[in-house]
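Here are the chains, one letter per residue:
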Amino acid sequence: DVKVTQSSRYLVKRTGEKVFLECVQDMDHENMFWYRQDPGLGLRLIYFSYDVKMKEKGDIPEGYSVSREKKERFSLILESASTNQTSMYLCASRRSGTATGANVLTFGAGSRLTVL
Amino acid sequence: DQQVKQNSPSLSVQEGRISILNCDYTNSMFDYFLWYKKYPAEGPTFLISISSIKDKNEDGRFTVFLNKSAKHLSLHIVPSQPGDSAVYFCAASADLQGAQKLVFGQGTRLTINP
C-alpha cells in the first residue's frame, strides 16, 4: 500500500524552539508539498519541491524553510516557532507529468503542532 | 486573495437524500479540479476529479459538475450515507508560475443525519 508517512502525529513545542517535521513517501514521486490546515482557511501551500535539492515558495512561506536531500524525504523546518504556527501540517506528494491522475496529491496523516 | 472559495462552512443532510457541495473559483487558468474528503486526525483523501474539457464526471454515488462560464463546480452525493460525514475540500490545478500547483478552498463540513 503506497503511502506518505509523517513521523510525528502530535508535537508540543515552546516559542522560539526549532522544529523539524519529517515526511517520507514510497511512491517515487518527483513532487512533494507542505500545506497547513487551519479552520476557515482550508489548506494553504507553504513550500513545494519538484526535484531533489529543489524548492519553491508556496503562498505562505514566511517563518518556514524546507530541505529535500533525497527524493523520498521532504522536511519542513520552523527556525523559531511562534504561537501563530500552531496548526495541522500536511505533507503530500505527486508524480510529474500530464497523464491522468498526475494532478492527484497523496497526503500523509498530518502532524498537529502546538506552540506554547 | 482566495482563488478557490467554498462559501458554505457546513452542511447538514438527512441520510438517503442528496448532498450538494459547491465551489467557486476566480482564475480562468485552472484546468483541472478535484474534490478531497477529510476525516478528523487523518490526511485528505482524493475523491473525484474533472478536467476543464468536461462538464460532468461520475463515480458511483459521487458526481462532479463543472460550469466554466460561471467558474463554478459542485459535488453531488446520492444517496448520502453516515460515512460521508467529513470535511470536503475542492481544489483547482493549473500551471501557475511555471509549476503545477493545487489551490484549495476553505472546506465544507458535511454532516449526514440518520
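Per chain, the residues get numbers from 1 upward, laid out in the order the sequence is written. Just so you know, chain letters begin at A and ligand numbers begin at 1, following the order they were written in. Residues qualify for local features only when their pLDDT is at least 70, as the model is predicted, and side-chain atom pairs are given and counted only at 80 or more; totals for whole chains, interfaces and linings, by contrast, use all residues. Hydrogen atoms and water are omitted, and side-chain values are computed over all heavy atoms in the structure.

A. Spotlight on the overall build of chain B. Numbered from the N terminus, helices here are DSSP runs of H or I no shorter than four residues, and strands are runs of E no shorter than two. A count of helical and extended segments in chain B gives zero helices and 11 strands. Starting at the N terminus and ending at the C terminus, chain B contains elements arranged as β-β-β-β-β-β-β-β-β-β-β. Against the compact-globule benchmark of 13 Å for 114 residues, chain B has a radius of gyration of 14 Å, which places it among compact chains. Projected onto its principal axes, the C-alpha coordinates of chain B cover approximately 45 × 30 × 20 Å. Accessibility here uses a 1.4 Å probe with only protein chains present; expressed as a share of the type maximum, an area under 20% marks a residue as buried, one over 50% as exposed, and anything in between as partly exposed. Considering chain B as a whole, with its 114 residues, one finds that 47% of them fall into the buried category. Contacts are residue-level and defined by heavy atoms, with any inter-residue pair within 4.5 Å sufficient. Partitioning the intrachain contacts of chain B with sequence separation of at least 6 by distance along the chain shows that 55% fall at a separation of at least 24. C-alpha atoms define the radius of gyration, and 2.2 Å times the number of residues to the power 0.38 defines the globule rule.

B. Layout of the state of the cysteines. Two cysteine sulfur atoms make up a disulfide if the distance between them is within 2.5 Å. Within this structure, the stated rule accounts for two disulfides over all chains. One disulfide in the model links C23(A) with C91(A); its S-S distance is 1.9 Å. Taking the sign of the torsion about the S-S bond as the criterion, the disulfide between C23(A) and C91(A), at about -80 degrees, is left-handed. Here the residue C23(A) occupies a position in strand β4 (residues 23-25), and C91(A) occupies one in strand β10 (residues 87-94), the gap between them amounting to 68 residues. Between the sulfur atoms of C23(B) and its disulfide mate C90(B) the distance is 1.9 Å. In this structure, the disulfide formed by C23(B) and C90(B) twists by about 60 degrees around the S-S bond and is classed as right-handed. Of the two residues, C23(B) is situated in strand β3 (residues 19-25) and C90(B) in strand β9 (residues 86-96); the sequence distance between them amounts to 67 residues. With respect to class, C23(B) is no different from C90(B); both count as buried.

C. Structural context of the interface of chain B and chain A. With 18 residues of chain B in contact, the opposing surface of chain A contributes 21 residues. A pairing counts as a salt bridge when a side-chain nitrogen of Lys or Arg comes within 4 Å of a carboxyl oxygen of Asp or Glu. Our count for the contact surface shared by chain B and chain A stands at zero salt bridges. Here a polar contact is taken to be a pair of N or O atoms separated by no more than 3.5 Å, where protein atoms must pair a possible hydrogen donor with a possible acceptor and residues adjacent in sequence count only if both atoms sit in side chains. For the pair chain B and chain A, the interface holds four residue pairs in polar contact (both at pLDDT 80 or more). Listed by contribution, the elements that provide at least two residues to the side of chain B that touches chain A are β4 (32-38), β9 and β10 (99-104) of chain B. Broken down by element, the side of chain B that touches chain A gets its largest block of residues, five residues, from β10(B). Partitioned by chemical class, the residues of the side of chain B that touches chain A number 10 nonpolar, five polar and three charged. Gly counts as polar in this scheme, as do all residues outside two lists: the nonpolar Ala, Val, Leu, Ile, Met, Phe, Trp, Tyr, Cys and Pro, and the charged Asp, Glu, Lys and Arg.

D. The environment of I77(A), seen in detail. Residue and element names in this part refer to chain A. Mapping I77 onto the fold places it in strand β9 (residues 73-78). The class for I77 is buried, based on a relative accessible area of 10%. Taking the C-alpha atoms as reference points, I77 and F20, separated by 57 residues in sequence, lie 4.8 Å from one another. Setting aside chain neighbours within four positions, we find I77 in contact with K18, V19, F20, G63, Y64, S65, V66 and S67.

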